[in-house]
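Spelled out from the first residue to the last, the chains are:
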Amino acid sequence: MSYPKKLLCPCGGNNHPKQQTLFAQCCARFVVDAALPQQAVELMRSRYSAYVLGIEDYLQSTWHPSTRPASPIIDQQEAIKWIKLVVLRHQQSDNRDNATVEFIAHYKIQGRAHELHEISRFVRENDRWFYLNGTFPGEQST
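Source: prediction; values computed, not measured.

Can you explain the pairing of strand β2 (residues 98–109)? Please cite residues and give values.
Examined bridge by bridge, strand β1 (residues 80–92) and β2 share 11 bridges and lie antiparallel to one another. Residue pairing across strands places V86 opposite I104, the latter belonging to β2. Remark: 5 residues form the turn of the hairpin made by β1 and β2, two consecutive strands paired antiparallel; R96 in that turn has positive phi of roughly 70 degrees. Where β2 hands over to strand β3 (residues 112–125), the hairpin turn is made up of 2 residues, of which Q110 adopts a positive phi near 50 degrees.

Following this line, the structure appears as structure tokens:
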């Protein structure tokens, strides 16, 4: 994949609105160059960037095989404009192979603002992090 050298990283770097980070210096090392994230929060941020940039292969390869959907993850017909990512917290388990990342992703559909608030679960296997699944705070379980 090629991308403009001046492309700002969709993940926003480290949630500092005044400090913009280039994609090449942030998530490209994972999404494009195949480096392995060392923390679940790095994987989460790089997955967000892949959503924004429409990189289906990266999303598939970083989703744990036990929960990965069979169909494409990105709906190319859906006109979503991702605006920004805010990571609220990152917590790693005592055994260091499980982690959660809580975030809010802001986006627009047909000019109307929305947000996705998720608590994502990650698992590390053979020194590689995978997205496992997520829950949505405030959603009622049935």
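Give me the lowdown on the pattern of salt bridges, citing residues and values where you can.
All told, the structure shown has 3 salt bridges when counted by the stated rule. With its nearest N and O atoms 2.8 Å apart, the salt bridge here joins R89 to E102. Placement of R89 in strand β1 and of E102 in strand β2 is noted, with a sequence separation of 13 residues between them. For R89, a relative accessible area of 33% translates into the label partly exposed. Residue D97 pairs with R124 through a salt bridge whose shortest N-O separation is 3.1 Å.

Now, about the packing of aromatic side chains: what can you tell me, with residues and values included?
Scanning the model with the defined rule gives 6 aromatic pairs in all. Taken together, a centroid distance of 4.9 Å and an interplanar angle of 85 degrees make the contact between Y3 and F23 edge-to-face. Within this pair, whereas Y3 is found in the segment before α1 (28–31), its partner F23 is found in the segment before α1, the two being separated by 20 residues in sequence. By relative accessible area, which is 24% here, Y3 ends up partly exposed. Ring centres of Y51 and W82 lie 6.3 Å apart, and the angle between their planes is 55 degrees; this geometry places the pair in the tilted category. Within this pair, whereas Y51 is found in helix α2 (residues 40–53), its partner W82 is found in strand β1, the two being separated by 31 residues in sequence.

Describe the nonpolar core, and please don't skip the residues or the numbers.
Ranked by size, the top nonpolar core spans 29 residues in total, and within it C11, C27, M44, Y58, L85, V101 and F122 carry the most contacts. Those elements giving two or more residues to this core turn out to be α1, α2, α3 (56–61), β1, β2 and β4 (128–135). Per-element tally for this core: the top contributor is α2, with 6 residues. Excluding residues that lie within four positions of it along the chain, V101 makes contacts with A40, V41, M44, V87, R89, H90, E118, I119, S120 and F122.

Give me the side chain of Q60: which residues, what numbers.
One can find Q60 in helix α3. Among the polar contacts listed, one links the side chain of Q60 to the side chain of E56, at a separation of 2.9 Å. Discounting residues that sit within four places of it in the chain, Q60 has contacts with R68, P69, S71, P72 and I73.

Describe the sheet that holds β4, and please don't skip the residues or the numbers.
With antiparallel pairing, 4 strands are arranged side by side in an open sheet as β1-β2-β3-β4. At either margin of the open sheet sits one strand with a lone partner, and together these are β1 and β4. Mean inter-strand twist for the sheet, computed between neighbouring axes without regard to direction, equals 30 degrees. Note: β2 against β3, 12 bridges, orientation antiparallel. Bridge pairing in β3 places V101 opposite S120. Against the sheet, α2 engages β1, β2, β3 and β4, with an angle of about 170 degrees to β1.

Conventions and cut-offs
- Residues numbered from 1 in each chain as written.
- Predicted model: local features only at pLDDT ≥ 70, side-chain atom pairs only at ≥ 80, totals over all residues.
- Heavy atoms only, no water.
- Pairing = 2+ DSSP bridges.
- Helix = DSSP H or I, 4+ residues; strand = E, 2+ residues; numbered from the N terminus.
- Salt bridge = Lys/Arg side-chain N within 4 Å of Asp/Glu carboxyl O.
- Buried < 20%, exposed > 50% of the residue type's maximum accessible area, 1.4 Å probe, protein only.
- Phe/Tyr/Trp six-rings, centres within 6.5 Å; stacked < 30°, edge-to-face > 60°.
- Core = buried A, V, L, I, M, F, W, Y, C linked by side-chain atoms within 4.5 Å.
- Contact = heavy atoms within 4.5 Å.
- Polar contact = N/O pair within 3.5 Å; in protein donor to acceptor, adjacent residues only side chain to side chain.
- Axes fitted to C-alpha atoms, helices over the stretch in contact; angles between N-to-C directions.

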